[in-house]
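Descriptive structure summary
What follows is each chain in one-letter form.
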Amino acid sequence: MRIRLVPALAVTYYVAMLVAVTYPGYVPFDRIRPFVFGMPFSLFWQALWISGCVFVLAGLFWWERRQGNTPGSGAEGRGASREADE
Amino acid sequence: MERWVVVTLVTSCYLALSLLIGWVSGRRASDTVTGYVAGDRGFGLLVMYFVMGAMIFSAFAFLGTPGWAYSRGGAAFYVLSYGVLGFTPWYLIGPRVARVGRTFGHVTQAELLSHRFQSTTLSVLIAIVSIVAFVPYIALQMKGAGIVFNAVTDGHVPIWVGALAAYAVVMLYVLKSGVLGVGWTNTFQGMFMLVIAWTLGLWLPRHLYGGVGPMFERIADLRPELLTVPGLDASGGQWSWGAYSSAVLVSAIGFTMWPHLFMKGFAAKDDATLKLTTVLYPTFQLFLLPLYFIAFAGVLFASKPPSADFILPHMILSTDIAPVIVGLFCAGALAASMSTGDAMLHAAASIYVQDMHRKVFAPRLGDHARRRLIRIVAVLVGIAAYYIAVNTEWSLVQLLLTAYGAVVQFAPLVVAAFFWKRTSPAGAVTGLVLGSLVTLFLFYFPQYRPLGIHEGIVGLAVNCVALVTVSLATTAVASERVRSFMTASRGRAPVHEPSQTS
């Protein structure tokens, strides 16, 4: 099976986020200072991952669109070609 | 004019506008069950974005989250991440749900699952779990609306009147316009509460402390324990990482399994709409930030509210704000409550008729009769929830977490439906039943929870094990049916085409 880079990165980001906002990934960043945009770092840390998610998903969507004419593998059902058709 | 009269007038204008939008929007729907329940599968990006966003942001977001942040500090941050973690998998599952729905004409979650697993029992079970989770939840939304109305009018509008006024409007547009009424009012209510939350969230800290930064600086000096995760537990002690992490996890998994949210997958116009909704969804989640700012503004506030859930209305009333702004705030909170309550009311009625009544009592019920029955049930559900709202006392967050525990049990079924051909009807039913029972047991006997882990997670583990072992020991669904389902989920014609992979 050929692993496609962009979807693999998106999945990696998702898993990384899951670890980063729960135990134990959150622990090192669970601190008050430095303040960022007036927020304590613990809060900014979450906002950062959430904002990043928009860009990663947008990248994935854009990538699927570009793949538009190549048939999806079916196994993961990314279905890029079918989106354009519908 | 007296302050509370102005507040009531502003709020009434908002209610009238909601009613107008809800009433008018239903005109385009066809006179069918698909029209009433899934909006003829024609929702575009704008409506999908606000439906998904506003539906989740309930009275709980507006009152419960600030209440938590106020009393338990960082513990409330869990709400921020689970929404995104829970919604992102929808990128993969949402389009599959929509395609299968288009192919086989499903409009509810149970229809899809019972079709896939060939089980009427499953359909009825899911319907029961959904409705049992919905009614108290709707009651909670009604109560939230009543509480806000009551607080901002200095007690001149009793809780029962406020709840009744808001939900009479909801009932009217749900009855008239079905899901289109829900969709377009949510769009209006969603925009409205975004504006209100950001305005108040930036203005209040500025007014009280000179800005968001200075406010957090002062809290860091005086109450530093509130600014880190996992925060405090209900009694003011340190909350555990296990409880915090499992709260994130159970909420994330349960999130997209909520039947009213799942059902909106059937309403989307096309796959791209669903995917783009998922892409943009985290931006809606950031809307919680101003609510945290407001909550933390309350931490050092001189006077205390009667209970933590009241911190937001309490502060707004104790600060010298123009009555019109107070009215707008009240309308914003009502918008949060109504945009969730309407979807749930509509979903509960649709689920009862499609997945239970039709399957058990009246298999031959026609399209027109079902549409009428859904409306009647919606009224009954509304009355039941209203009765509970006015007559019982509940804490907002506890109830939310409990409901999530039950709904989370749908997750293995949905994943298995799309990704594991071998799943058998018996396995699906056993998993759901055992998982729900374990969750229920641990909810009432918390001393048996391992490591303080959320009961829904333990239930989930039992659910998965049962689903797999029983499936392997019993006969799977006929391969022909599985193949047509899987093919449809990948967006190909559901005819007897040789399946390609997996």
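Everything below is about the structure shown above.
Residues numbered from 1 in each chain as written. Chains lettered and ligands numbered in written order. Predicted model: local features only at pLDDT ≥ 70, side-chain atom pairs only at ≥ 80, totals over all residues. Heavy atoms only, no water.

Our next topic: the side chain of Thr22(A). Residues and elements named next belong to chain A. Here Thr 22 is to be found in the loop between helix H1 (5-20) and helix H2 (41-66). Among the residues examined, Thr 22 registers a relative accessible area of 8% and is labelled buried. Within the local environment of Thr 22, its side chain forms a polar contact with the backbone oxygen of Leu 18, the two atoms lying 2.6 Å apart. (Helix = DSSP H or I, 4+ residues; strand = E, 2+ residues; numbered from the N terminus. Buried < 20%, exposed > 50% of the residue type's maximum accessible area, 1.4 Å probe, protein only. Polar contact = N/O pair within 3.5 Å; in protein donor to acceptor, adjacent residues only side chain to side chain.)

Across the contact, 39 residues belong to chain A and 45 residues belong to chain B. Taken together, both faces of the contact between chain A and chain B bury some 3700 Å²; the carbon and sulfur share is 68%. Ionic pairing is found between Glu64(A) and Lys275(B), a salt bridge with its closest N-O pair at 2.8 Å. In this structure, the connection of chain A to chain B is made through eleven residue pairs in polar contact (both at pLDDT 80 or more). Counting residues per element, the side of chain A that touches chain B draws most heavily on H2(A), at 14 residues. Here the residues of the side of chain A that touches chain B sort into 21 nonpolar, eight polar and ten charged. (Contact = heavy atoms within 4.5 Å. Buried area = accessible area lost by both parts, 1.4 Å probe. Salt bridge = Lys/Arg side-chain N within 4 Å of Asp/Glu carboxyl O. Nonpolar A, V, L, I, M, F, W, Y, C, P; charged D, E, K, R; others polar.)

Looking now at the pattern of salt bridges. A full pass over the atoms with the stated rule returns nine salt bridges over all chains. One salt bridge connects Glu111(B) with Arg358(B), and the closest N-O pair in it is separated by 3.0 Å. Residue Glu111(B) is located in helix H7 (residues 109-117), and its partner Arg358(B) is located in helix H16 (residues 323-361); the two are separated by 247 residues in the primary sequence. Per residue, the accessibility class of Glu111(B) equals that of Arg358(B), and both read buried. Through salt bridges with shared partners, a single ionic network connects Arg33(A), Glu217(B) and Asp221(B).

With that out of the way, let us pick up the packing of aromatic side chains. Applying the stated criterion across every chain, the model contains 38 aromatic pairs over all chains. Relative to Phe445(B), the ring of Phe441(B) lies with its centre 5.0 Å away and its plane at 35°, an arrangement referred to as tilted. Accessibility expressed as a relative area gives 42% for Phe441(B), which makes it partly exposed. Residue class for Phe445(B) comes out partly exposed when judged on its relative accessible area of 38%. Through pairs of rings, three or more aromatic residues link up here, namely Tyr23(A), Tyr26(A), Trp68(B), Tyr78(B), Tyr82(B), Phe87(B), Trp239(B), Trp241(B), Tyr244(B), Phe255(B) and Tyr281(B). Between Arg72(B) and the ring centre of Trp239(B), over which it is positioned, the NZ or CZ distance is 4.7 Å. (Phe/Tyr/Trp six-rings, centres within 6.5 Å; stacked < 30°, edge-to-face > 60°. Lys NZ or Arg CZ within 6 Å of the ring centre and 35° of its normal.)

Residues and elements named next belong to chain B. By size, the foremost hydrophobic cluster in this structure holds 192 residues, and its most contacted members are Tyr 292 and Phe 296. Here this core gets 20 residues from one element, more than from any other, and that element is helix H9 (residues 159-209). If we skip the residues at most four places from it in the chain, Phe 296 touches Ala 69, Gly 73, Phe 77, Met 215, Phe 216, Ile 219, Leu 226 and Leu 227. (Core = buried A, V, L, I, M, F, W, Y, C linked by side-chain atoms within 4.5 Å.)

Moving on, we get to the packing of helix H11 (residues 241-255) of chain B against helix H21 (residues 455-473) of chain B. In helix packing, the relevant descriptors are the interaxial angle and the interaxial distance, both defined with respect to the helix axes. Residue and element names in this part refer to chain B. One way to put it is that H11 packs onto H21 with a least axis distance of 8 Å and a crossing angle of 60°. The orientation of H11 with respect to H21, classified from their angle, is oblique. Read as a crossing pair, H11 and H21 show a hand that is left-handed. Contacts between H11 and H21 involve Ser 246, Leu 249, Val 250 and Ile 253 from the first element and Gly 456, Ile 457 and Leu 460 from the second. Counted by class, the contact of H11 with H21 contains five nonpolar, two polar and no charged residues. (Axes fitted to C-alpha atoms, helices over the stretch in contact; angles between N-to-C directions. Parallel < 35°, antiparallel > 145°, perpendicular 65-115°, else oblique. Left-handed = near helix turned anticlockwise from the far one by under 90°.)

Residues and elements named next belong to chain B. With respect to the helices and strands, Ala 406 occurs in helix H18 (residues 396-407). Ala 406 sits in the partly exposed class, given a relative accessible area of 26%. Along the sequence, Ala 406 and Ala 133 sit 273 residues apart, while their C-alpha atoms lie 7.4 Å from each other. For Ala 406, the residues in contact, after removing those within four places along its chain, are Val 129 and Thr 439.

This part is about unusual backbone geometry. Residues and elements named next belong to chain A. Pro 34 follows Arg 33 through a cis peptide bond whose omega is 0°. The phi angle at Phe 37 is positive, at roughly 50°, despite the residue not being glycine. Within the secondary structure, Phe 37 is located in the loop between H1 and H2.

Another aspect to go through is helix H10 (residues 212-222) of chain B. Val212(B), Gly213(B), Met215(B), Phe216(B), Ile219(B) and Ala220(B) are the residues of H10(B) that are buried. Here the buried residues of H10(B) occupy an arc of 160° about the axis, which is enough to place them on one side. Exposed and oriented more than 90 degrees from the buried face of H10(B) are Asp221(B) and Leu222(B). The inward-facing, buried residues of H10(B) contact H2 of chain A together with H9 and helix H14 (288-299) of chain B. (Arc of directions from axis to C-beta.)

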